Amino acid sequence: METFTHFVTRLSSTQLLLFTLTLLLYTPTWPSSAAATQTELLRDFKATPDPSIQTFQPLLADPNGNFSLGFLRVNKTQLALALLHVPSSDPLWLANPAQLARWSDRTTLVFNGSLVLSDPQGRVFWSTHTQGDRVVLLNTSNVQVQTQSSVLWQSFDFPTNTLVENQNFTSTMSLVSSNGLYSMRLGNNFMGLYAKFKSGSNSDQIYWRHRAMEVKAEIVESKGPIYAQVNSDGFLGMYQTGNPAPVDIQPFNTFHRPVNGLRKVRLESDGNFNGFYWDGSKWVPDFQAISVPCELPSPCGAYGLCGAGNGSCSCLDNRTEFRSGECFPVQYGDFCSGGLGEISNFWVIRRNGVELPYKELMGYQTTSSYGECERVCERNCSCWGAVYNNASGFCYTMDYPIQTLVGVGDESKMGYFKVREGAGRKKMNVGFGVGIGVVCGALVIFVGVAGVWSFRAWRRKRRGGGGGGGTKRFTGQDGGLSPGPYKDLGSASFGSIEMGNNSR
């Protein structure tokens, strides 16, 4: 599975066979598992998780057996109601991604006209809020709550991070990555990807935008909103309501080439937006919105630096080593906690030859110098950093914690970045601490060696009647230390990036 690999363990064909045989043999004792072979759920349906199942417990199948709705075990102890693509065990939809239930036989899924996931304490994790007669799973992977004459609710109207072919994605919907950091939404005439860099804020930062080309059809303001759809002919199209002709086409690698398997697009946990098709054994990559790694929203993490030429990661602060995908821990909030307009403490990283990966989508102001641009951010407790272009005079300020910058050869592009006081100090001083440890260890060894030699020299002196040969042999002819396994332990250098402690 390309996503949720930390959530789900694949079922082998042997495990699936054993599981099916268990269902057939023990249906009376596991009523919740009996629903695995059902193609519809009627009123009074009830299911609970089976403690012995480690990955996925199917409850509802489509007529062709390609898709299954059931309990997905997450992080061993949690539960999501999920729709899986059975051949790949890939989750295409989650009912409750933001509010997971416990994997316990006390957690219950019922259909009483509404499909409800709850626990005995009365906590409702998710519900369709309907009054339907049955639940069905179509061979398109769409879960529906139906009456005899109408569809009251369908999963296609509530996507999570994935769209499948022929599923409409409207301007009222959003795709959200599995880590909750990135989203995809439609505007009046464009499709955009957004990052939630600032916790608790509704003002997400757009980092990728694709505007409708309007070649085959034009967008007419009075004709309604646009929507997107994965077309079986191998493209992601944008359409205007009521007009079958696309106002935009983003072609896949298999554009105008038929494939037998399912097509899908997915918003990834790194912020990219990728397309795939199923070839019968695996998901084949077919589309990528962002092809250059450094153009992703934060490929090197907080305070990272992405090399424009090769996409390698380092740190804005060259005293800090890039380890485990980060330079400093992710930070939140702002610097306005000092009270009465005072700015809380921070220290500063200054770096030349950097720029923002999505500066064309950011607002800016024009300043006469880098110093003026820096002061604009320094005096603003909501500002985390600023990047200045000396050629244009554009000053880009960031009101969210610093993410990855792009390293460029132009030294006239200068950056000013705040770091909360105390953040990263421990990590930055690891090398210094190691150096101190090495020095101390060397001193202990030196003292020990010197002590042994002194003791031997003293014994020789006593035996030799006070002769000075032993001391001479230890100290050498010129009174210095004799050659030995010693080396110069010079003081470590930690770079020259300017640092300041600011308090306003």
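Residues numbered from 1 in each chain as written. Predicted model: local features only at pLDDT ≥ 70, side-chain atom pairs only at ≥ 80, totals over all residues. Heavy atoms only, no water.

**A word on the sheet that holds strand E24 (residues 273-278)**
Point 1. An order of E14-E23-E24-E25 is seen for the four strands of this open sheet, with the pairing classed as antiparallel. A strand with exactly one partner marks an edge of an open sheet, and here the two such strands are strand E14 (162-164) and strand E25 (283-288). For this sheet, the mean angle separating the axes of adjacent strands, direction not counted, is 25°.
Point 2. The pairing of E14 with strand E23 (residues 263-267) spans three bridges and is antiparallel. Its bridge partner lying in E23, Thr-162 is registered against Arg-266. (Pairing = 2+ DSSP bridges. Helix = DSSP H or I, 4+ residues; strand = E, 2+ residues; numbered from the N terminus. Axes fitted to C-alpha atoms, helices over the stretch in contact; angles between N-to-C directions.)

**Comments concerning the pattern of salt bridges**
Point 1. Summed over the entire model, instances satisfying the criterion amount to 12 salt bridges.
Point 2. Taking the shortest distance from any N to any O, the salt bridge between Asp-204 and Arg-185 comes out at 3.7 Å. Here the residue Asp-204 occupies a position in the loop between strand E18 (190-195) and strand E19 (205-211), and Arg-185 occupies one in strand E17 (residues 182-186), the gap between them amounting to 19 residues.
Point 3. Among the residues examined, Asp-204 registers a relative accessible area of 24% and is labelled partly exposed.
Point 4. Judged by relative accessible area, which is 28%, Arg-185 ranks as partly exposed.
Point 5. For Asp-286, the salt bridge identified is with Arg-263, shortest N-O distance 3.0 Å. Of this pair, Asp-286 sits in strand E25 while Arg-263 sits in strand E23, placing them 23 residues apart in sequence.
Point 6. Residue Arg-263 is classed as buried on the basis of its relative accessible area of 0%.
Point 7. If you follow the salt bridges from partner to partner, you end up with Asp-90, Lys-264, Arg-266 and Glu-268 in one network. (Salt bridge = Lys/Arg side-chain N within 4 Å of Asp/Glu carboxyl O. Buried < 20%, exposed > 50% of the residue type's maximum accessible area, 1.4 Å probe, protein only.)

**Some thoughts on the sheet that holds strand E12 (residues 143-146)**
Point 1. Reading across from one edge, E1-E11-E12-E13 is the order of the four strands in this open sheet, with antiparallel pairing throughout. The sheet is open, and its two borders are formed by strand E1 (40-42) and strand E13 (151-154), each paired with just one other strand. Each adjacent strand pair in this sheet contributes to an overall mean axis angle of 20°, direction not counted.

**Observations concerning the environment of Leu-361**
Point 1. Turning to its location among the elements, Leu-361 is positioned in the loop between strand E29 (354-355) and strand E30 (365-366).
Point 2. Residue Leu-361 is classed as partly exposed on the basis of its relative accessible area of 25%.
Point 3. Along the primary structure Leu-361 and Gln-205 are separated by 156 residues, whereas in three dimensions their C-alpha atoms are 8.6 Å apart.
Point 4. Once you skip the residues sitting within four places of it in the chain, Leu-361 turns out to touch Gln-205, Ile-206, Tyr-207, Trp-208 and Arg-209. (Contact = heavy atoms within 4.5 Å.)

Note that all results are geometric; they support no functional claim without further evidence.
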